[in-house]
Amino acid sequence: MGARLKVSSCLAIKGSLIDETYAVFRGWDYAVSKTENLKRARQENTIGAKSANWAQNVSWAVSRRFDPAGRDRPLVELAKSGCDREVWKPLLLYHLTRDELLVRDFLVSWLYPQFSAGAYRLRAEDVLPYLHSLSKRKGIEWSVNWSEATTERVASGLLRLAVDFGLLTGTQSREFASYHLPEQSFMYLLHAMTDREANARRIIDAEDWRMYLMDAADVERELLRLHQFRKLHYEVAGSLAQIKLPAASAAEYVREIG
């Protein structure tokens, strides 16, 4: 068994910072370091921060969450090209949750089952049993010893993140939104998943889709639709499936649509 995974409250409490991250990436300069880019963003206040403390918080969060010159470069490229925010947001969620175990697990293991079960209203107190159960799961450990107050903040923060990414609506009481993953976002995610996994059936069945309230049947319907419009090539025969995408990688796809 590998190293135990650590659960951090950071993303849930700091928030999604969607607009702030987009603004930072929009002005990114590859000729200088990440530190220099973030320093300039603070000095020029490209994020529209109302205080130096908030600008510092955003800078710290972006630095911790992303590798703009490496694996997160596609997000930067899309922001720099003025990508539609509604297309960009789901991609931000995908990149964020590769290291932020808590948010990914919350969306996949708690929110999606609530959606599938037809849950109507969700409140922070509904999330608490899920958070308390994490410490009992094998392979997961708390990165800090959370107080009950922190646990409640995390519960509220997780629901707020789901609202920020368009999965839920409401303030105190949340309800599921009528969410649809934009076509270009879906195509990017297919390319990104193919970069990691060559097996088409495993891609279709991937838990990642649950973050967007989709199951394998939803993914297959979208694949068939895109195949019909010749946006990609999809063949299926029993349990075997084959997906041929227009670009060789997620990075190449970004260059094509940027």
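Because the structure is a prediction, the values reported are computed rather than measured.

Colleague: Just checking my understanding: could you explain the overall build of the protein for this structure?
Modeller: Scanning the protein from N- to C-terminus turns up 13 helices and 6 strands. Here the protein has a C-alpha radius of gyration of 19 Å; the compact-globule value for 258 residues is 18 Å, and the two agree. Per-residue burial for the protein yields a buried fraction of 46% across its 258 residues. A separation of at least 24 residues holds for 68% of the contacts in the protein among residues at least 6 apart in sequence.

Colleague: What exactly am I supposed to notice about helix 9 (residues 148-164) here?
Modeller: Since one α-helical turn is 3.6 residues long, residues separated by three or four positions face the same way. Between its terminal C-alpha atoms helix 9 stretches 24 Å, which fits the 24 Å expected from 17 residues at 1.5 Å a residue. Positive backbone phi, at 85°, marks Gly-166, one or two positions downstream of helix 9.

Colleague: Even after reading the chapter, I still don't get the pairing of strand 6 (residues 240-244), so can you show me in this structure?
Modeller: Both faces of the sheet carry side chains from a regular strand, because those side chains alternate between them. Across 5 bridges, strand 5 (residues 233-237) lies against strand 6 in antiparallel orientation. Residue His-233 lies in a different strand from strand 6, and its bridge partner there is Lys-244. Taken together, strand 5 and the strand that follows it, strand 6, pair antiparallel across an intervening segment of 2 residues, in which Gly-238 is found at a positive phi of about 65°.

Colleague: How should I be thinking about the nonpolar core in this particular structure?
Modeller: Note on soluble globular proteins: their nonpolar side chains tend to be buried together. Counting 85 residues, the largest nonpolar core has Phe-25, Trp-88, Leu-111, Leu-131, Leu-158 and Trp-209 as the members making the most contacts within it. When near neighbours in sequence (up to four residues on either side) are disregarded, Trp-88 contacts Ile-18, Thr-21, Tyr-22, Phe-25, Leu-75, Leu-78, Ala-79 and Cys-83.

Colleague: Can you walk me through the packing of helix 2 (residues 18-26) against helix 6 (residues 85-96) in this structure?
Modeller: Any two packed helices are characterised by how steeply their axes cross, that is the angle between the axes, and by the distance between the axes. Where helix 2 meets helix 6, the closest approach of the two axes is 11 Å, and the angle between their N-to-C directions is 100°. Considering the angle they form, helix 2 stands roughly perpendicular to helix 6. Contacts from Ile-18, Asp-19, Thr-21, Tyr-22 and Phe-25 of helix 2 reach helix 6 at Arg-85, Trp-88, Lys-89 and Leu-92.

Each value, and the rule that gives it
Residues numbered from 1 in each chain as written. Predicted model: local features only at pLDDT ≥ 70, side-chain atom pairs only at ≥ 80, totals over all residues. Heavy atoms only, no water. Helix = DSSP H or I, 4+ residues; strand = E, 2+ residues; numbered from the N terminus. Rg over C-alpha atoms; globule rule 2.2 N^0.38 Å. Buried < 20%, exposed > 50% of the residue type's maximum accessible area, 1.4 Å probe, protein only. Contact = heavy atoms within 4.5 Å. Expected span 1.5 Å × (residues − 1). Pairing = 2+ DSSP bridges. Core = buried A, V, L, I, M, F, W, Y, C linked by side-chain atoms within 4.5 Å. Axes fitted to C-alpha atoms, helices over the stretch in contact; angles between N-to-C directions. Parallel < 35°, antiparallel > 145°, perpendicular 65-115°, else oblique.

Scope: geometric values only; no functional claims are made or implied.
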